[in-house]
Amino acid sequence: MKKLIIANWKCNPTTLKEAQKMMVGLRAGIKNNKIEVVVCPPFVYLAEAKKVFGVGAVKIGSQDCFWENQGAFTGEVSPTMLKNLGVKYVILGHSERVMVMGETNEMTAKKVKAVLSTGLTPVVCIGETLEERNQSKTFQIVEKKLRESLKAIKKQQVGELVIAYEPLWAISTNQGLTCAPDDALTMALYIKKLIAEIYGRKAKEKVRVLYGGSVGSDNANKYLENEAIDGLLVGGASLNIKEFTAMVKNI
Ligand code: 13P
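Residues numbered from 1 in each chain as written. Predicted model: local features only at pLDDT ≥ 70, side-chain atom pairs only at ≥ 80, totals over all residues. Heavy atoms only, no water.

Glancing now at the site of the ligand. With respect to spatial proximity, the complete set of residues near the ligand consists of Asn8, Lys10, His94, Glu166, Ile171, Ser172, Gly213, Ser214, Val215, Leu233, Gly235 and Gly236. For the ligand, an oxygen atom lies 2.8 Å from a polar atom in the side chain of Lys10. Note that an oxygen atom of the ligand is positioned 2.9 Å from one of the backbone N or O atoms of Gly235. Contact with the protein chains hides 97% of the accessible area of the ligand, taken as 300 Å² for the molecule alone. Considered class by class, the residues forming the shell around the ligand number three nonpolar, seven polar and two charged. (Near = heavy atom within 4 Å. Polar contact = N/O pair within 3.5 Å; in protein donor to acceptor, adjacent residues only side chain to side chain. Areas by Shrake-Rupley, 256 points an atom, 1.4 Å probe, with all protein chains shown as cover. Nonpolar A, V, L, I, M, F, W, Y, C, P; charged D, E, K, R; others polar.)

It is worth spelling out the side chain of Asn105 at this point. With respect to the element layout, Asn105 can be found in helix H5 (residues 105-117). Using a relative accessible area of 17% as the deciding quantity, one classes Asn105 as buried. Within the local environment of Asn105, its side chain forms a polar contact with the side chain of Glu148, the two groups lying 2.9 Å apart. Apart from the residues within four sequence positions on either side, Asn105 is in contact with Lys144, Lys145, Glu148 and Ser149. (Helix = DSSP H or I, 4+ residues; strand = E, 2+ residues; numbered from the N terminus. Buried < 20%, exposed > 50% of the residue type's maximum accessible area, 1.4 Å probe, protein only. Contact = heavy atoms within 4.5 Å.)

Most peptide bonds take the trans form, and the phi angle of most residues other than glycine is negative. Cis peptide bonds are those with omega within 30 degrees of zero, and the linkage from Asn12 to Pro13 qualifies with -10 degrees. For Pro13, the position within the fold is in the loop between strand S1 (3-8) and helix H1 (16-29). Residues other than glycine seldom take positive phi values, yet Lys10 does so here, at roughly 50 degrees. Structurally, the position occupied by Lys10 is in the loop between S1 and H1. Residue Ser136 is not a glycine yet carries a positive backbone phi of 55 degrees.

In terms of burial, strand S3 (residues 58-62) is largely enclosed, as four of its five residues are buried. When strand S2 (residues 35-40) meets S3, the two strands line up parallel, connected through three bridges. By the bridge assignment for S3, Val37 is matched with Val58. Where the polypeptide runs from S2 across helix H2 (residues 46-53) and back to S3, its parallel neighbour, the crossover connection is right-handed. (Pairing = 2+ DSSP bridges. Right-handed = clockwise from strand over helix to strand, strands pointing away.)

Moving on, we come to the sheet that holds strand S8 (residues 231-234). Strand order in the closed barrel formed by eight strands is S1-S2-S3-S4-S5-S6-S7-S8, and the pairing between neighbours is parallel. Within the sheet, the average angular offset between the axes of one strand and its neighbour, ignoring direction, is 25 degrees. (Axes fitted to C-alpha atoms, helices over the stretch in contact; angles between N-to-C directions.)

For the rest of this paragraph, the subject is the environment of Gly25. By secondary structure assignment, the location of Gly25 is in helix H1. Among the residues examined, Gly25 registers a relative accessible area of 27% and is labelled partly exposed. Separated by 215 residues in sequence, Gly25 and Asn240 have C-alpha atoms that sit 9.9 Å apart. Residues contacting Gly25, with those up to four places away along its chain left out, are Ile241 and Thr245.

The next subject is the pairing of strand S7 (residues 208-212). Counting buried residues in S7 gives five out of five residues, a clear majority hidden from the surface. On S7, burial covers both faces: Arg208, Leu210 and Gly212 on one face and Val209 and Tyr211 on the other are all buried. In this structure, strand S6 (residues 162-165) lies alongside S7, joined through four bridges in parallel fashion. Looking at S7, one finds that Val162 is bridged to Arg208. Pairing between S7 and S8: three bridges, direction parallel. If you follow Leu210 over to S8, its bridge partner there is Gly231.

Structure follows, in structure tokens:
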């Protein structure tokens, strides 16, 4: 399986002009198909992403979406709209949506179902807070979120899934902490074990598990050393196009 590297630009940059510049840089820097590269800009830049990336090496993802396809849902963006814009991947249940916007596992589950039935690939984010880790609740929290977020997913749909293990305490080095590659590996293996338990051994082989949280050119390969980590979800370091493309080339 190809390694999957997803750039999550979060709420950046603030102008279309800057976004265009970043996209053009990314297109120029990512030419090889050895690694699958996905960029997730804010919704407002997705149309531009479609123009810049076309059918090239970089695929397009979005950072969220709604669970209904159309109708009276002010402010929401639907999976079908995203599909029509050339989006292939959708990040769902990101910890920033959970902590800042109050998204629940139930909401994430509805989104995962809608995204899969539209033919897009959900990237479901799962991780524990520092407090939960200190209370030795990591495995319990990860299992709860995984089971609740995938509640509506049938066995035959599960191959299309990507799960990202993103410990909240290691995101943007929020608390000055990073997750050791061995700890990330333990959690990736645990997530795969849960997938096998819920959906069977075949599903485990298909589902890709990524690591995310303060990944940059200095540590990317350390996380990818073990086969069980299928890729990376990169936040801050993906905004620096030079660093990000160099990181991908070095994998
Ligand atoms: P950082 O790489 O900035 O820690 O962000 C990780 C993340 O949240 C990606 O979705």
